[in-house]
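Listed below are the residues making up each chain.
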Amino acid sequence: MMASGVFDHPWLGGLFGDAAMAEIWSPERQLAQMLAFERAWSGARGACGLSDPALAGQAQAAIDAARIVPEDLRAGMARDGVPVPALVKRLRADQPEDVSAAIHTGATSQDVLDTALALSLRDSSDLIAARLEGLSAALAALEARFGAQPLMGRTRMQAATEITVADRVETWRLPLLAHLERLTHLRPRVERVQLGGASGDRAALSGQGQPMADHVAAALGLSSAAQAWHAMRDGVADYAGWLSLITGTLGKAGQDIALMAQQGIGEIALTGGGGSSAMPHKQNPVQAELLVTLARFNATQLAGMHQALVHEQERSGAAWSLEWMILPQMAQATGRALSVAQALIGQVERIGTPG
């Protein structure tokens with residue numbers, strides 16, 4: 001079946017796809033994260049006295065031995081609206097009753113999926129941070145090479161007064177440092193275990209809710225949480241806003257570069273460039289244009305993430321599943337924009353008012 005999304009489309013993916021970010025959000029990786037939660041959960045039950053430690057160990061061994069592929073969860077997802085009941089049924093299959101009781105008992109689907117989301121956001125942040133640092137270094141090197149060159153400043157797309165290349169490049173580079181600083185505040189808000197149980201009050205855990213959360217967090221390399229956050233999505237929405245801020249910054253740089261590259265202005269010279277089927281003399285600024293497109297895509301998706309803040313009562317199927325449609329796409333757009341931006345900066349041969 002042909003993929004319908006641009007990020008994994010057979011040929012559109014050549015422009016939009018980012019293999020590293022796609023792997024982070026792949027079904028196989030998400031399934032592995034759900035299994036990691038279930039394994040940590042069984043271990044926590046044994047450690048906190050909710051299950052016999054030996055039985056908890058057997059439950060973990062059963063989870064380790066399970067051979068489940070993403071397609072196994074498709075029918076259950078269609079029926080239940082979440083993949084977890086089908087997953088748990090597979091994990092408990094053929095297990096003794098006392099071992100089955102040490103698998104998933106006391107957790108809920110949202111605990112599994114939101115904790116898996118936290119792991120995806122952690123891995124996405126690692127990738128994005130490394131790329132932000134790499135792009136910042138590339139822009140600093142560009143300033144070092146060409147920063148003193150004169151450049152016509154333009155306000156409202158009209159010639160204003162002469163500036164330097166450094167003046168313009170700083171408007172591309174300095175926000176990247178601010179985005180890295182924002183990430184230090186975002187990480188604790190989203191890289192944390194979700195644990196609420198059926199209605200968010202951890203009532204089924206016999207007073208062991210916080211020790212359970214602490215144990216699962218330690219096993220998965222996440223932060224613990226003092227209470228369930230499944231109906232409070234402001235951290236996730238803030239993360240989406242951060243993604244859009246990054247692509248917006250890169251879109252501004254892309255727009256500037258596309259304008260500077262116009263024939264008759266020629267304030268930047270780039271190697272490569274896209275060809276035309278009708279006009280072989282052209283070198284289209286494809287990568288600069290792509291940065292603008294990805295910025296506009298994320299800005300558009302952000303409205304949907306803010307719609308997903310509206311959870312009714314203790315859990316919303318509608319708002320929650322809207323996140324599944326939007327957030328992975330925003331992450332992929334951001335990863336792609338960062339890799340494109342660094343490649344584009346590496347193609348600059350000259351920048352400044354042509355002599």
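Thresholds, definitions, all that
- Residues numbered from 1 in each chain as written.
- Predicted model: local features only at pLDDT ≥ 70, side-chain atom pairs only at ≥ 80, totals over all residues.
- Heavy atoms only, no water.
- Helix = DSSP H or I, 4+ residues; strand = E, 2+ residues; numbered from the N terminus.
- Buried < 20%, exposed > 50% of the residue type's maximum accessible area, 1.4 Å probe, protein only.
- Contact = heavy atoms within 4.5 Å.
- Axes fitted to C-alpha atoms, helices over the stretch in contact; angles between N-to-C directions.
- Parallel < 35°, antiparallel > 145°, perpendicular 65-115°, else oblique.
- Nonpolar A, V, L, I, M, F, W, Y, C, P; charged D, E, K, R; others polar.
- Expected span 1.5 Å × (residues − 1).
- Salt bridge = Lys/Arg side-chain N within 4 Å of Asp/Glu carboxyl O.
- Phe/Tyr/Trp six-rings, centres within 6.5 Å; stacked < 30°, edge-to-face > 60°.
- Pairing = 2+ DSSP bridges.
- Polar contact = N/O pair within 3.5 Å; in protein donor to acceptor, adjacent residues only side chain to side chain.
- pLDDT = per-residue confidence, 0-100.
- Core = buried A, V, L, I, M, F, W, Y, C linked by side-chain atoms within 4.5 Å.
- Left-handed = near helix turned anticlockwise from the far one by under 90°.

### Examining the overall build of the protein
Regarding its fold elements, the protein presents 13 helices and 4 strands. Along the longest, intermediate and shortest principal axes, the C-alpha atoms of the protein span 80 × 40 × 35 Å. Split into buried and exposed, the 355 residues of the protein put 49% on the buried side. Nonlocal contacts in the protein, meaning residues at least 24 apart in sequence, comprise 77% of its contacts between residues at least 6 apart.

### Comments concerning the packing of helix α9 (residues 165-190) against helix α11 (residues 234-260)
For the pair α9 and α11, interaxial distance at closest approach is 10 Å and the crossing angle is 170°. Put simply, α9 runs roughly antiparallel to α11. For the contact of α9 with α11, the residue count by class is 15 nonpolar, 4 polar and 7 charged.

### Let's talk about α11
Here α11 contains 27 residues, and its C-alpha end-to-end distance of 39 Å stays within 8% of the 39 Å for a straight helix at 1.5 Å per residue. Judged by how many residues are buried, α11 sits mostly within the fold: 20 of 27 residues are covered.

### Concerning the environment of V112
Mapped onto the secondary structure, V112 falls in helix α8 (residues 109-146). Considered as a pair, V112 and E28 are 84 residues apart in the sequence and their alpha carbons are 15 Å apart. Excluding residues within four positions of it along the chain, V112 makes contact with M34, F37, E38, V84 and H104.

### Quick look at the pattern of salt bridges
On inspection of all chains with the given rule, the structure shows 17 salt bridges. Measuring nitrogen to oxygen at the nearest pair gives 2.6 Å for the salt bridge that ties D234 to R189. One end of the pair, D234, is in helix α11; the other, R189, is in helix α9, and 45 residues separate them in sequence.

### A word on the side chain of S109
One can find S109 in helix α8. For S109, a relative accessible area of 15% corresponds to the buried category. Contacts of S109, omitting those with residues within four sequence positions, involve V82, V84, P85, H104 and W320.

### Brief notes about the packing of aromatic side chains
In the structure shown here, the tally under the stated rule is 5 aromatic pairs. On the basis of an interplanar angle of 75° and a centroid distance of 6.5 Å, the ring pair of F7 and F16 is categorised as edge-to-face. Both residues of the pair, F7 and F16, count as buried. Judged by centre distance (5.9 Å) and plane angle (70°), the rings of F7 and F297 are edge-to-face. You can see F7 sitting in the segment before α1 (13-16) and its partner F297 sitting in helix α12 (residues 286-307), a full 290 residues away along the chain. Assessed through its relative accessible area of 26%, F297 is described here as partly exposed. Through pairs of rings, three or more aromatic residues link up here, namely F7, F16 and F297.

### Concerning the pairing of strand β1 (residues 150-155)
Judged from the 5 bridges that link them, β1 and strand β2 (residues 158-164) form a sheet pairing that is antiparallel. Directly across from M152, in β2, lies its bridge partner E162. The loop that links β1 with its antiparallel partner β2 comprises 2 residues; one of these, R156, has a positive phi angle of about 55°.

### Side note on the environment of E267
Structurally, the position occupied by E267 is in the loop between α11 and β3 (268-270). Of the residues examined, E267 reaches a relative accessible area of 3% and is grouped as buried. Excluding residues within four positions of it along the chain, E267 makes contact with L151, M152, R154, R168, M260, R350, I351, G352 and P354. Separated by 3.0 Å, the side chains of E267 and R154 make a polar contact.

### Examining the confidence of the model for the protein
For the protein, mean pLDDT is 94; residues scoring 70 or higher make up 96% of the total. With pLDDT under 50 throughout, residues 275-282 is counted as low confidence; its partners more than four residues away or in other chains account for 6 contacts.

### Comments concerning the nonpolar core
Core analysis: the biggest nonpolar cluster contains 59 residues, and I128, W172, W242, L250, L327 and I351 have the highest contact counts within it. Discounting chain neighbours no more than four positions away, the residues touching L250 are L135, L176, L291, A337, L338 and A341. If you look at the next biggest cluster of nonpolar residues, it comprises 39 residues, including A59, V193, L195 and L205.

### Considerations on the packing of helix α3 (residues 27-47) against α8
Orientation of α3 relative to α8, taken along the N-to-C sense of each, is 120°, at an axis distance of 9 Å. Here α8 runs oblique to α3, going by the angle between their axes. In this structure, α3 crosses over α8, and the sense of that crossing is right-handed. On the side of α3, the interface is formed by R29, Q33, M34, F37 and E38, while α8 contributes D111, V112, L113, T115, A116, L119, S120 and D123. Split by residue class, the contact of α3 with α8 holds 6 nonpolar, 3 polar and 4 charged.

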